[in-house]
Amino acid sequence: MKCASVAIIGRPSSGKSTLLNTICESKVSITSPTPHTTRNAIRGIYTDSRGQLIFTDTPGFHISEKKFQKRMQDIATSSLEETDAVLYLLDATRKPGSEEDAITYMLSGLSVPVVCCINKKDILSDSQIQDAEQYLKKSMPGRVILVASAKADDGVDEILIELFKHAPEGELLYDQDTWTDQNLEFRISEIIREKAMNSVTEEIPYAIMVEVADLEYNAEEGKVWVRAFITVERESQKGIMVGKGGENIKKIRIASFKDIKKIFPGSKLELDLRVRVNPKWKSNDMILSKVFKDTQN
Ligand SMILES: Nc1nc2c(ncn2[C@@H]2O[C@H](COP(=O)(O)OP(=O)(O)OP(=O)(O)O)[C@@H](O)[C@H]2O)c(=O)[nH]1
Ligand SMILES: [Mg+2]
């Protein structure tokens, strides 16, 4: 059997979480068109007859300020050296800029295997693919370059084949039916955060935090009760989140209910969802409103 840890790296919105969900055939990591959707390192586990790949989906790699650059590179490099392989996703719908250069520079110095993958094949023109290949050949000489669509599940098997080639022999670290190591509260809060983020536009997604205040699960009676809060920073954001006549929060609740139900199949679910303002909740990601603009190039 083979067993390997794999870090998924790439710019914000390159499709890292989408790919992880496709590989694990499950909703492991939330996704949205807003850059910096993923805030924590999320683990997704894939097992088949070849062995096990333990993926870490990372928050989009972003380098903005020069002075952070070296520090970030040091941290990224040391943690990446501990993995067995790195899967680098490049979104070729955007031209590679200084961020992409910083990532390839960091990755080219690694001693662990790096598999490069041009993502979003389903919406790329031939010339966009060729340009991305040229770029990768130059900046990542000698590394394998694949082309795939995480969303359309096209070329994903080839990614797995390539990663298993680099995986060392070893015992499985997780039970073969396990696909994530996240606890229930975290999974539920992430589902709600995804629905909340996708229900609003502009910079509000960055000002959303979700907290599961209570979770009662009675497996014998088949009953689940969840009470959760969507926390925003300002009254005006609360108004948008709740929506006219409660329309928006209702939409979030219905969409969340559907996904949370999948975690507890056959159980009766009660979901109490409220919006509150906590001015102390200052999202680290608020600095990302700048990033948000930077990444719209
Ligand atoms: N057309 C197309 N869209 C994709 C593909 N993969 C991802 N996307 C879309 O790209 C957007 C960003 O995807 P995510 O998976 O959230 O990207 P990410 O790299 O995890 O982003 P962060 O967590 O913000 O760093 C979403 O709207 C996805 O639906 C793909 O293969 N094709
Ligand atoms: Mg993500």
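Please refer to the structure placed before this passage.
The structure reproduced in this document is the subject of the present report. Here the structure is a predicted model, which is why all the values come from computation and not from measurement. (Residues numbered from 1 in each chain as written. Chains lettered and ligands numbered in written order. Predicted model: local features only at pLDDT ≥ 70, side-chain atom pairs only at ≥ 80, totals over all residues. Heavy atoms only, no water.)

**Section: the coordination of the magnesium ion (ligand 2)**
For clarity, the cut-off: Water is not part of the atom set, so a site may look incomplete; the donors themselves are N, O and S atoms within 2.8 Å of the metal, or 3.2 Å for Na, K and Ca. Only DSSP runs of H or I covering at least 4 residues are called helices, and only runs of E covering at least 2 are called strands; the numbering of each starts at the N terminus. Burial classes: relative accessible area under 20% of the type maximum marks a residue as buried, over 50% as exposed, and values in between as partly exposed (1.4 Å probe, protein chains only).
Surrounding the magnesium ion (ligand 2) are the protein donor atoms Ser 17 (OG) and Thr 38 (OG1), which sit 1.9 to 2.1 Å from the metal. Residue Ser 17 is located in helix α1 (residues 16-24), and its partner Thr 38 is located in the loop between α1 and β2 (42-48); the two are separated by 21 residues in the primary sequence. Ser 17 gets classed as buried once you look at its relative accessible area, which sits at 7%.

**A look at the sheet that holds strand β1 (residues 2-10)**
Note the cut-off: A pair of strands is considered paired only if DSSP assigns at least 2 bridges between the two. For helices, the fitted axis covers only the stretch in contact; all axes are lines through C-alpha atoms, and the angles between them, taken along N-to-C directions, range from 0 to 180 degrees. Residues are treated as being in contact if the distance between any of their heavy atoms lies within 4.5 Å.
In spatial order, the strands read β2-β3-β1-β4-β5-β6; together these six strands make up an open sheet with mixed pairing. Where the open sheet ends on each side, the last strands, each with one partner, are β2 and β6 (144-147). Taken over all neighbouring pairs, the strand axes of this sheet differ in orientation by 25° on average, direction set aside. By the bridge criterion, four bridges tie strand β5 (residues 114-119) to β6 in an arrangement that is parallel. Each residue of the ladder has a partner; that of Val 115, found in β6, is Val 144. Along the sheet face, helix α3 (residues 98-108) touches β1, β4 (85-91) and β5 and points at about 160° away from the line of β4.

**Observations regarding the pairing of β4**
Applied cut-off: Looking down the strands as they point away from you, a crossover is right-handed if its path from the first strand over the helix to the second goes clockwise.
The buried fraction of β4 amounts to seven of the seven residues, a majority that puts the element mostly inside the structure. Burial of the side chains of β4 extends over both faces: Ala 85, Leu 87, Leu 89 and Asp 91 are buried on one face and Val 86, Tyr 88 and Leu 90 on the other. Bridge count between β1 and β4: five bridges; the pairing is parallel. Residue pairing across strands places Ala 7 opposite Val 86, the latter belonging to β4. Here β4 pairs with β5 via six bridges, running parallel. Paired with Leu 87 across the bridge in β5 is Val 115. Traced from β4 through α3 to β5, the parallel crossover comes out right-handed.

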